[in-house]
Amino acid sequence: MTTSQTTSMTTSQPTTAHDTQPAERLVLGAMMLGTAVDEATSFAVLDRFVDAGGRWIDTADCYAFWASESGYGGQSEELLGRWFAARPGVRDRILLATKFGAEPRDAANWPASRTGLSPAAIREQITGSLRRLGTDHVDLAWGHMEDRSVPVEETADACAALVSDGVAARIGLSNHPAWRVERARQHAVAQGAEPFSVLQHAYSYLQPRPGTLTGNHRFGWLSDELADLAAVEGLDVWAYTPLLSGAYDNPAKPIPEIFDHPGSTQRLAVLDEVAAEVGAARGQVVLAWLVARGIRPMLGGSKVHQLDAALEAVTLELEPALISRLDEVDVIPPSPR
């Protein structure tokens with residue numbers, strides 16, 4: 001890990017996963033609930049999460065358009081709405097987050113054609129989300145993907161209005177470059193409005209090769225610059241795909257090619273050593289490491305036993321010496337001169 005990255009993670013924001021009960025450190029991602037994950041299994045995962053003391057559930061209005069017959073999203077929110085209706089009182093026990101901006105307008109032309117982050121689109125999308133969820137507010141509303149066709153100041157104003165109107169308790173940005181996050185925040189502060197206070201990006205113990213695209217989002221990976229911004233400004237950080245879709249522990253899922261470099265080889269060796277010492281799986285150590293860095297990991301819920309392993313992982317308190325061993329491995333070793 002680079003010096004700047006280590007510093008930023010160890011001085012992270014005050015309202016991190018450190019400050020909660022163990023199960024509250026984990027976010028349950030509801031992306032595939034209602035499409036790839038059937039309703040009975042979805043309800044079982046959700047029930048188990050709440051019974052274990054979990055609080056945060058994250059979804060989006062576009063989930064999961066790529067897995068739906070129509071080519072449009074909303075299935076995850078609709079399933080959560082049915083779960084809330086079937087479990088009276090459970091809405092008051094959880095903290096609910098949803099995202100807007102990435103739903104296709106033309107399913108055959110995504111991501112070029114999507115709803116985006118104009119003020120009108122934001123209001124339209126959150127209204128639809130609340131209807132599908134069967135609630136009158138969310139605890140966190142996210143701008144899902146940056147929209148360069150809209151001045152970020154307009155997006156900031158529209159999202160701040162969600163807070164002032166009581167529609168959202170907090171607002172955050174996902175898959176945005178650091179400069180746009182900071183520009184939006186400074187604009188809100190100058191207006192006396194609610195600024196964005198949470199970031200959501202892909203992040204894990206292994207790091208991709210520089211210049212590689214980690215997904216559909218140009219700024220999807222949590223960069224050193226974003227991490228430093230979060231540390232200095234006291235922003236919460238959520239990490240999606242922290243387990244690389246199971247590749248740490250499932251032999252049938254190889255480590256993605258973008259992580260195939262000498263730095264990963266060294267990091268995996270140390271990860272194996274630490275996992276053996278604490279009696280945990282690789283992925284569990286990764287989740288515990290993220291929590292120790294002040295980052296809230298997100299688990300894509302699909303099976304109860306996977307959730308149980310993640311819940312066990314966030315109770316794992318790594319000794320400072322083990323954290324140092326994990327941190328001190330170079331992400332990408334310097335080239336020989």
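Relevant structure appears above.
Figured I'd write up the structure that's included with this text. (Residues numbered from 1 in each chain as written. Predicted model: local features only at pLDDT ≥ 70, side-chain atom pairs only at ≥ 80, totals over all residues. Heavy atoms only, no water.)

With that settled, consider the nonpolar core. Residues Ile57, Leu80, Trp83, Tyr205, Trp238 and Leu326 are the most contacted members of the largest nonpolar core, which totals 95 residues. The greatest single-element share of this core, amounting to seven residues, is contributed by helix H9 (residues 282-292). When residues no more than four places from it in sequence are discounted, the contact partners of Leu80 are Ala30, Leu46, Ile57, Thr59, Leu96 and Leu133. Judged by nonpolar contacts, the second largest core, of seven residues, contains Tyr63, Ala64, Ala102 and Met145. (Core = buried A, V, L, I, M, F, W, Y, C linked by side-chain atoms within 4.5 Å. Buried < 20%, exposed > 50% of the residue type's maximum accessible area, 1.4 Å probe, protein only. Helix = DSSP H or I, 4+ residues; strand = E, 2+ residues; numbered from the N terminus. Contact = heavy atoms within 4.5 Å.)

Applying the stated criterion across every chain, the model contains 19 salt bridges. A salt bridge links Asp139 to Arg91, with the shortest nitrogen-to-oxygen separation between them at 3.3 Å. Remark: Arg91 occurs in the loop between helix H3 (75-86) and strand S3 (95-100) and Asp139 occurs in the loop between helix H4 (119-133) and strand S4 (140-143); sequence separation between them is 48 residues. Classification of Asp139 as buried rests on a relative accessible area of 12%. For Arg91, a relative accessible area of 13% translates into the label buried. The salt bridge partner of Glu182 is Arg185, with a shortest N-O separation of 3.8 Å. Of this pair, Glu182 and Arg185 are both found in helix H6 (residues 178-191), three residues apart, which corresponds to roughly one turn of the helix. With respect to burial, Glu182 and Arg185 carry one shared label: buried. One continuous salt-bridge network, built from bridges that share partners, spans Glu146, Arg148 and Arg180. (Salt bridge = Lys/Arg side-chain N within 4 Å of Asp/Glu carboxyl O.)

For the rest of this paragraph, the subject is the packing of aromatic side chains. As enumerated under the stated definition, the model contains 10 aromatic pairs in all. A centroid spacing of 6.1 Å and a plane angle of 80° characterise the contact between Tyr63 and Trp66, whose relative ring orientation is edge-to-face. The exposure class of Tyr63 is buried, given its relative accessible area of 7%. Residue classification places Trp66 among the partly exposed positions, given a relative accessible area of 45%. (Phe/Tyr/Trp six-rings, centres within 6.5 Å; stacked < 30°, edge-to-face > 60°.)

The next point concerns the packing of helix H8 (residues 262-278) against helix H11 (residues 320-327). H11 packs onto H8 with a crossing angle of 165° between their chain directions and a minimal axis gap of 9 Å. In terms of axis orientation, H8 runs roughly antiparallel to H11. Of the two possible hands of crossing, H8 and H11 adopt the one that is left-handed. In contact with Arg267, Val270, Leu271, Glu273, Val274, Glu277 and Val278 of H8, H11 contributes Leu322, Arg325, Leu326 and Asp327. Grouping the amino acids of the contact of H8 with H11 by side-chain chemistry returns six nonpolar, no polar and five charged. (Axes fitted to C-alpha atoms, helices over the stretch in contact; angles between N-to-C directions. Parallel < 35°, antiparallel > 145°, perpendicular 65-115°, else oblique. Left-handed = near helix turned anticlockwise from the far one by under 90°. Nonpolar A, V, L, I, M, F, W, Y, C, P; charged D, E, K, R; others polar.)

Running from amino to carboxyl end, H8 crosses H9 at an angle of 95°, the nearest separation of the two axes being 9 Å. Between H8 and H9, the crossing angle belongs to the class labelled roughly perpendicular. Residues Leu268, Leu271, Asp272, Val274, Ala275 and Val278 of H8 form the contact with H9, whose own contacting residues are Arg282, Val285 and Val286. Along the lines of polarity and charge, the residues of the contact of H8 with H9 split into seven nonpolar, no polar and two charged.

So, about the pairing of strand S7 (residues 236-240). Within S7, five of the five residues are buried, which leaves it mostly tucked inside the rest of the structure. Covered by surrounding structure in S7 are Asp236, Trp238 and Tyr240 together with Val237 and Ala239, the residues of both alternating faces. Inspection of the sheet shows strand S6 (residues 198-202) paired to S7 by five bridges, in the parallel sense. In the strand pairing of S7, His201 is matched with Ala239. Of the crossover connections in this fold, the one passing from S6 over helix H7 (residues 224-233) to the parallel S7 is right-handed. As defined by bridge partners, S7 adjoins strand S8 (residues 296-300) across two bridges and the pair is classed as parallel. Looking at S8, one finds that Trp238 is bridged to Arg296. (Pairing = 2+ DSSP bridges. Right-handed = clockwise from strand over helix to strand, strands pointing away.)

Cis rather than trans, the peptide bond between Tyr63 and Ala64 has omega equal to -15°. Position of Ala64 relative to the elements: it lies in the loop between strand S2 (56-58) and H3. Cis geometry marks the peptide bond from Trp110 to Pro111, where omega comes out at 10°. Notably, Thr241 is not glycine yet its phi reads approximately 50°, a positive angle. Its place among the elements puts Thr241 in the loop between S7 and H8. Although it is not a glycine, Ser245 adopts a positive phi angle of roughly 60°. Relative to the helices and strands, Ser245 is located in the loop between S7 and H8.

From the geometry alone we can't say anything about function, so treat these as descriptive.
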